[in-house]
Amino acid sequence: MKYILVTGGVISGIGKGIIASSVGTILKSCGLHVTAIKIDPYINIDAGTFSPYEHGEVFVLDDGGEVDLDLGNYERFLDIRLTKDNNLTTGKIYQSVINKERRGDYLGKTVQVVPHITDAIQEWVMRQATIPVDDDGAEPQVCVIELGGTVGDIESMPFIEAFRQFQFKVKRENFCNIHVSLVPQIMCRCSTPLDNSVKEKISMFCHVEPEQVICVHDVSSIYRVPLLLEDQGVVKYFCRRLDLPIESRPRKMLTKWKEMSDRSDRLLEQCSIALVGKYTKFSDSYASVIKALEHSALAISHKLEVKYIDSADLEPTTLLDEPVKYHEAWQKLCMRGTEGKIQAINWARKQKKPFLGVCLGMQLAVCEFARNTLGWTGTINCFTRLQVIDMPEHNPGQMGGTMRLGKRRTIFKTNSSILRKLYGDVDHVDERHRHRFEVNPELKQHFEEKGFHFVGQDVEGERMEVIELDDHPYFVGVQYHPEFTSRPIKPSPPYFGLLLAAAGKLHTYLQKGCRLSPRDTYSDRSGSSSPDSEISEFKLPSISQDSPSQ
């Protein structure tokens with residue numbers, strides 16, 4: 001096993017996650033199996049109880065792990081499936097060591113940071129590095145480890161000490177460290193490329209070879225970072241430094257990555273999407289949603305414009321308290337609150353604007369239809385708490401991990417479903433969930449009689465997973481979070497459908513039999529990627545036949 005540790009200096013948020021993801025990408029393009037571990041020095045057990053304003057979105061994994069959003073970057077860049085133990089926190093380590101102490105595993109010894117905490121860190125990394133993350137089930141050959149925060153932080157010190165010891169345990173030829181630092185121009189982050197003289201000066205004072213000073217200047221998109229590292233000889237350096245088994249051959253995966261990056265820079269047509277939510281003041285709260293929209297927009301060769309709208313600003317009370325903010329919010333939608341979301345859904349349904357409701361968004365679409373079409377008042381009869389259904393993971397006495405989490409199967413109940421066609425006409429899909437409420441199945445008939453269909457349900461038929469509305473260009477809701485499995489070259493079908501509808505291309509795409517499937521296999525070994533190359537040149541003879549919408 002080869003280990004690459006990525007640390008950061010000067011400031012937090014300097015781009016360690018993108019560097020770690022990019023390093024993994026170029027190594028995977030060489031035919032290696034790569035895994036990734038994110039270390040967060042905070043004392044929380046996981047990210048499940050964080051406010052989105054504190055750390056951005058909570059990313060959900062197949063096994064239900066609620067983790068740091070950087071693991072989303074790893075999965076998207078490397079096209080892998082991680083587990084909750086790929087996110088290591090101080091809380092997890094101390095909990096593990098304390099549990100051992102309570103069981104008597106330390107035989108009465110004094111339990112200390114060194115060696116017990118540092119040993120536990122090393123054991124965790126070595127154990128997790130061997131867990132397969134690719135579809136072929138092969139054991140990883142390279143483990144990229146990102147240490148969150150900044151070197152010098154008090155909370156990071158046990159991890160720094162653990163890896164100081166670790167380099168000797170696994171031997172020099174199996175371990176190296178990438179340190180990401182800032183070069184202020186008011187591996188080095190800067191706005192423009194560094195002169196050779198600056199790189200030589202950094203080399204001299206940091207006691208490394210000039211070839212080990214890598215400049216990562218600002219680029220047009222994050223997808224260019226792997227290409228930037230490749231151009232500066234990072235792969236050749238790793239081959240020598242870690243004795244990696246890499247053959248000299250064309251790398252189709254990196255070629256596809258370059259084509260995608262080049263296309264991203266040439267986009268001319270624009271597609272506007274309004275994102276109505278509760279935490280829109282901080283874009284990282286919806287990081288995976290934005291990425292999924294970007295992936296889909298790129299697949300249809302459109303530039304994405306996201307209009308962030310705080311749902312609270314759409315509510316009637318805002319009209320009374322802050323009329324300017326109210327009118328500005330509605331103006332954004334036309335060109336925090338649950339009620340504001342319902343107002344937006346009502347507008348999208350009546351105006352026949354493409355709509356995708358995710359998780360709570362789907363539930364509120366049910367509420368809106370119940371109120372304004374079925375004539376029901378209130379929303380209490382529409383939903384049931386998960387604890388009513390026997391859910392072993394639900395524990396009302398705890399805050400973390402009490403929701404329906406992780407990968408679950410959804411069965412399509414009809415062959416005519418738009419979403420089923422977008423998924424490639426499959427009979428079921430496996431997507432990740434994170435929710436505490438769900439639609440009451442006893443009410444299903446009332447909705448379907450009025451053209452509001454529950455086209456996807458769980459295996460038992462007890463949980464409503466996908467909704468679609470008759471006589472609407474694209475009115476879709478999903479109980480799960482499809483954004484968590486979207487990839488740059490494999491966009492998520494629900495988001496892909498939304499972008500096709502917004503660009504006025506969905507009808508023609510469906511007429512063609514969805515042969516340009518956004519979920520084809522993507523593998524660096526086969527060289528195949530999705531969508532098909534045709535999709536980047538997908539042109540309609542008469543766009544006006546499908547009226548473009550925002």
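Note: the structure precedes this text.
The shown structure was predicted, so the numbers you read here are calculated from the model rather than taken from an experiment.

Rules of the game
Residues numbered from 1 in each chain as written. Predicted model: local features only at pLDDT ≥ 70, side-chain atom pairs only at ≥ 80, totals over all residues. Heavy atoms only, no water. Helix = DSSP H or I, 4+ residues; strand = E, 2+ residues; numbered from the N terminus. Buried < 20%, exposed > 50% of the residue type's maximum accessible area, 1.4 Å probe, protein only. Areas by Shrake-Rupley, 256 points an atom, 1.4 Å probe, with all protein chains shown as cover. Phe/Tyr/Trp six-rings, centres within 6.5 Å; stacked < 30°, edge-to-face > 60°. Lys NZ or Arg CZ within 6 Å of the ring centre and 35° of its normal. Pairing = 2+ DSSP bridges. Axes fitted to C-alpha atoms, helices over the stretch in contact; angles between N-to-C directions. Core = buried A, V, L, I, M, F, W, Y, C linked by side-chain atoms within 4.5 Å.

Trainee: Whenever I open this one, the overall build of the chain confuses me. Can you help?
Mentor: Across its full length, the chain carries 19 helices and 19 strands. Burial status across the chain gives 55% buried among its 550 residues. Entry remark: accessible area of the chain is about 24,700 Å², with carbon and sulfur atoms responsible for 50%.

Trainee: Would you explain the packing of aromatic side chains in this entry?
Mentor: To describe a pair of aromatic rings, one takes the distance between the centres and the angle between the planes. If you walk through the whole model with that rule in mind, you get 19 aromatic pairs. By the ring-pair criterion, three or more aromatic residues cluster together here, those being F369, W376, F447, F452 and F454. Its guanidinium or amino end placed over the ring of W124, R127 lies 5.4 Å from that ring's centre, counting from NZ or CZ.

Trainee: In this structure, what is going on with the sheet that holds strand β6 (residues 142–147)? I would like to understand it.
Mentor: Neighbouring strands of a sheet are bound in pairs by backbone hydrogen bonds; such pairs are parallel or else antiparallel. On the basis of which strands lie adjacent, the open sheet formed by 5 strands has the order β5-β2-β6-β1-β7 and parallel pairing. In this open sheet, the two edge strands, each paired with only one partner strand, are β5 (87–89) and β7 (175–180). The average undirected angle you get between the axes of adjacent strands in this sheet is 20°. As judged from the 5 bridges shared by strand β1 (residues 2–8) and β6, these two strands associate in the parallel manner. Opposite K2, over in β6, you have V142 as the bridge partner.

Trainee: When you look at the sheet that holds strand β19 (residues 475–478) in this model, what are you seeing that I'm missing?
Mentor: Ordered in space as β12-β19-β18-β17-β14-β15, the 6 strands form an open sheet in which the pairing is mixed. Pairing within the sheet leaves two strands with one partner each, and these edge strands are β12 (355–358) and β15 (428–435). Within the sheet, the average angular offset between the axes of one strand and its neighbour, ignoring direction, is 30°. As judged from the 3 bridges shared by strand β14 (residues 404–412) and strand β17 (residues 452–458), these two strands associate in the antiparallel manner. From the neighbouring strand, T410 faces β17, where its bridge partner is D458.

Trainee: Mind showing me how you'd approach the nonpolar core here?
Mentor: As a rule of thumb, soluble globular proteins bury nonpolar side chains together. Membership of the largest hydrophobic core comes to 50 residues, with the highest contact counts inside it found for I4, L27, I178, L229 and F238. Residue contributions to this core peak at 6 residues, all from helix α1 (residues 16–28). In terms of nonpolar packing, the next biggest core, distinct from the first, is built from 35 residues, L419, V429, Y474 and Y480 among them.

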